[in-house]
Amino acid sequence: MTLAPSLVWVLGGSLAAYVVGLYALCFRIQGRIQTSEDYLVAGRKLTLPFATGTILATWFGAGTVLTAADEVRHSGLRAAALEPFGAGVCLLIAGWLIAGPIWKMKLLTLSDLFRTRFGREAEVLSAFIMVPSYFGWVAAQFVALAGMLHLFFAIDLSVGILIVALVGSGYTLLGGMWSVTVTDAVQIALVLAGLLLLGASTLSELGGGSYLLGLARLWNDTPPELRNPIPVESVQQFIDWLAVLAIAALGNLPSQDIVQRISASRTPVIARRACLLSGYLYIGFGVIPVALALSGRILFPDTLSTAILPALAHSFAQPLVAVTFTVMLVSAVLSSIDSGILAPAAVLSENIFRHVNGGRLSSLSLNRLAVFLVASGSAAVAYSGQSAYGLLEDSYEVAFVSLFVPMMLAVYGWRCSPKAAAASMSTGIAIWLIHWVTGWQYLAEPFVPLHLPASLGAMTASLLAYVVFRRRR
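Below is a summary of the structure that appears in this document. Note that the coordinates shown come from a computational prediction; the quantities given were computed from them, not determined experimentally. (Residues numbered from 1 in each chain as written. Predicted model: local features only at pLDDT ≥ 70, side-chain atom pairs only at ≥ 80, totals over all residues. Heavy atoms only, no water.)

What follows deals with the overall build of the protein. From N to C terminus, the protein includes 20 helices and 0 strands. Residues counted as buried form 59% of the 473 residues belonging to the protein. Restricting to contacts in the protein with at least 6 residues of sequence separation, those with at least 24 account for 82%. (Helix = DSSP H or I, 4+ residues; strand = E, 2+ residues; numbered from the N terminus. Buried < 20%, exposed > 50% of the residue type's maximum accessible area, 1.4 Å probe, protein only. Contact = heavy atoms within 4.5 Å.)

Given below as structure tokens:
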């Protein structure tokens, strides 16, 4: 997509001014950071608007507005099982099942829960599993935003990834959770307004000025096989789709970013309501990128290799509106990057570094060192060349197969056994790794005729391992 030189300069200047504004805001917030609790959970002082905003902004990033939209354009509504529907359902489940119990435990990290219920071994093991699982998620944001820089400014992808990593990690280093929360509130408001604006412009274009005709054309001109959100052509396709939905809806539950925001809320009622409200908003607004993706198939049938939302913005909107929407799109990705970096950094500093530090560095210094290391690791994964959608799915699967079972048992205190927890985590991740390395999509693919998705098989093995080792106690 070629932009007019004047628009390139306006867009570049707007993005630069936006980044400068973010950093200025974070510098002002630094005075609030006195302890690890301030840095990691904002002093446990978030009100409902801030708690909801930071949850929604954390998740409403590249996975929803860029990566999943492009996947839906190619594969249809069934690809929305991962994003936004599965992830949105996860937030609702968090509000229904875990927000209240997690808040009452006064945790800093998810691994603190494993230490409390299962002991030190489970704490460390969960941390070693959890921290790398975020690298793929953050890397997906790096890749998606670097792709935008390449699209608009012809910046090489490798250079773009470095720029995005430096910007995203920089203001996270400054203010921790306070920086994330305050900037998230601004960013998500811009993002949602931008999606509504682009959605209206695209429907108007589809319908020749009429929104209703645009909706009718979107439905009629989209092939029936792409309109079906649930594949019913065969039992195997349905099981595969169900596995993807489960990965997003359940694999995201044992995540540090959810625990961090629940713990940062002022009360358990706020924590629960923030998860539920953000879940409903996530699904509701997540429908817009999905509809835009299918609109792109109709309006740009010969450009399926181009990121669809930026293409729509710069094709149908006025230049000023297009620039504004692009800044909003960047906001969506940056709001996920800062949260995605801070979450595993908290686990790395509190549950690994703290045990080996020996008092040489302060808690805040450990937290900031961890932020730097997580950002570096994520950038390394981004340079691996894997697609953003693949990175997202892999990162969700790791937690799903190894941490989901012991976390739910720990939350509800069901016969907590340290050995059983360690066996559960180890079994799940080991089976998943074997299949990831070999490329097998189904459990023991060459040897078992039943095509059970590897993620479901590994999670089931994780549960069985817990039950078996619990009985040996």
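Turning next to the packing of helix H6 (residues 110-118) against helix H7 (residues 120-153). At a closest axis distance of 7 Å, the pairing of H6 and H7 adopts a crossing angle of 155°. In terms of orientation, H6 lies roughly antiparallel with respect to H7. For H6 against H7, the interelement crossing comes out right-handed. Of the residues in H7, those in contact with Leu 110, Ser 111, Asp 112, Phe 114, Arg 115 and Phe 118 of H6 are Arg 120, Ala 122, Glu 123, Ser 126, Ala 127 and Met 130. (Axes fitted to C-alpha atoms, helices over the stretch in contact; angles between N-to-C directions. Parallel < 35°, antiparallel > 145°, perpendicular 65-115°, else oblique. Left-handed = near helix turned anticlockwise from the far one by under 90°.)

Below, the discussion takes up the side chain of His 435. Relative to the helices and strands, His 435 is located in helix H19 (residues 418-438). We classify His 435 as buried; its relative accessible area is 7%. The residues touching His 435, leaving out its near neighbours within four places in the chain, are Trp 440, Tyr 442, Leu 443, Ala 444 and Ala 454.

Let us now look at helix H12 (residues 256-264). Counting buried positions along H12 yields 9 of 9 residues, so the element is predominantly enclosed. If you check which residues of H12 are buried, you get Gln 256, Asp 257, Ile 258, Val 259, Gln 260, Arg 261, Ile 262, Ser 263 and Ala 264.

Glancing now at the environment of Leu 25. As for its placement among the helices and strands, Leu 25 is situated in helix H1 (residues 5-29). Judged by its relative accessible area of 28%, Leu 25 is partly exposed. Counting along the chain gives 158 residues from Leu 25 to Thr 183, while the straight-line C-alpha distance between them is 7.8 Å. Ignoring any residue separated from it by four or fewer positions in sequence, one finds Leu 25 in contact with Val 182 and Thr 183.

Two side chains with opposite charge may pair up if their charged atoms get near one another. Applying the stated criterion across every chain, the model contains 4 salt bridges. We note a salt bridge from Asp 112 to Arg 115, for which the minimum N-O separation is 2.9 Å. In this pair, Asp 112 and Arg 115 are both assigned in helix H6, 3 residues apart and thus about one turn of the helix distant. For Asp 112, a relative accessible area of 7% translates into the label buried. Residue Arg 115 is classed as partly exposed on the basis of its relative accessible area of 31%. (Salt bridge = Lys/Arg side-chain N within 4 Å of Asp/Glu carboxyl O.)

Turning our eyes to something else, we now look at the nonpolar core. Formed by 124 residues in total, the largest nonpolar core has its most connected members in Ile 98, Phe 142, Leu 253, Ile 262 and Met 407. If one sorts the elements of this core by residue count, helix H15 (residues 319-356) sits on top with 18 residues. Discounting residues that sit within four places of it in the chain, Phe 142 has contacts with Ile 161, Val 164, Ala 165, Ile 337, Ile 341, Ala 375, Ser 378, Ala 379 and Ala 382. Ranked by size, the runner-up nonpolar core spans 12 residues in total, among them Ala 69, Val 72, Ala 293 and Leu 294. (Core = buried A, V, L, I, M, F, W, Y, C linked by side-chain atoms within 4.5 Å.)

With that settled, the discussion passes to the packing of H7 against helix H16 (residues 363-382). Think of two packed helices as two axes; the pair is described by the angle between the axes and how far apart they sit. It is at 8 Å that the axes of H7 and H16 come closest, and there the two elements cross at 65°. Overall, the two elements H7 and H16 adopt an arrangement that is roughly perpendicular. The two elements H7 and H16 cross, and the hand of that crossing is right-handed. Across the interface between the two elements, Tyr 134, Phe 135, Gly 136, Val 138, Ala 139, Phe 142 and Val 143 of H7 pack against Val 374, Ala 375, Gly 377, Ser 378, Ala 379, Val 381 and Ala 382 of H16.

This paragraph deals with a nonpolar patch on the surface. There is a patch of nonpolar side chains on the surface, built from Trp 96, Leu 97, Tyr 280 and Tyr 412 and spanning about 480 Å² of accessible area. Along the chain, Leu 97 falls in helix H5 (residues 82-104). (Patch = residues over 30% accessible without salt bridge, like charges linked within 9 Å, V, L, I, M, F, W, Y side chains within 5 Å. Areas by Shrake-Rupley, 256 points an atom, 1.4 Å probe, with all protein chains shown as cover.)

With that settled, the discussion passes to the side chain of Asn 252. Note on placement: Asn 252 falls in the loop between helix H11 (235-251) and H12. A residue is classified by how much of its surface remains accessible, and Asn 252, at 8% relative accessible area, is buried. Here Ala 248 takes part through its backbone oxygen, which lies 2.8 Å from a polar atom of the side chain of Asn 252. In this view, Asn 252 contacts Trp 59, Ala 87, Cys 90, Ile 247, Ile 258 and Tyr 396; residues no more than four positions away in its chain are not counted. (Polar contact = N/O pair within 3.5 Å; in protein donor to acceptor, adjacent residues only side chain to side chain.)

All right, on to the state of the cysteines then. Two cysteines joined by a covalent bond between their sulfur atoms form a disulfide. Counted according to the given criterion, the structure contains 0 disulfides. Of all cysteine sulfurs in the structure, the one in Cys 275 sits closest to Cys 90, which takes part in no disulfide; the separation is 8.9 Å. (Disulfide = S-S within 2.5 Å.)

Looking at where Val 398 falls in the secondary structure, it is placed in helix H17 (residues 388-402). Here the alpha-carbon distance between Val 398 and Ser 455, two residues 57 residues apart in the chain, equals 8.6 Å. Discounting chain neighbours no more than four positions away, the residues touching Val 398 are Ile 129, Ser 133, Leu 403, Ile 429 and Trp 432.

Taken by themselves, the reported measurements are silent on function.
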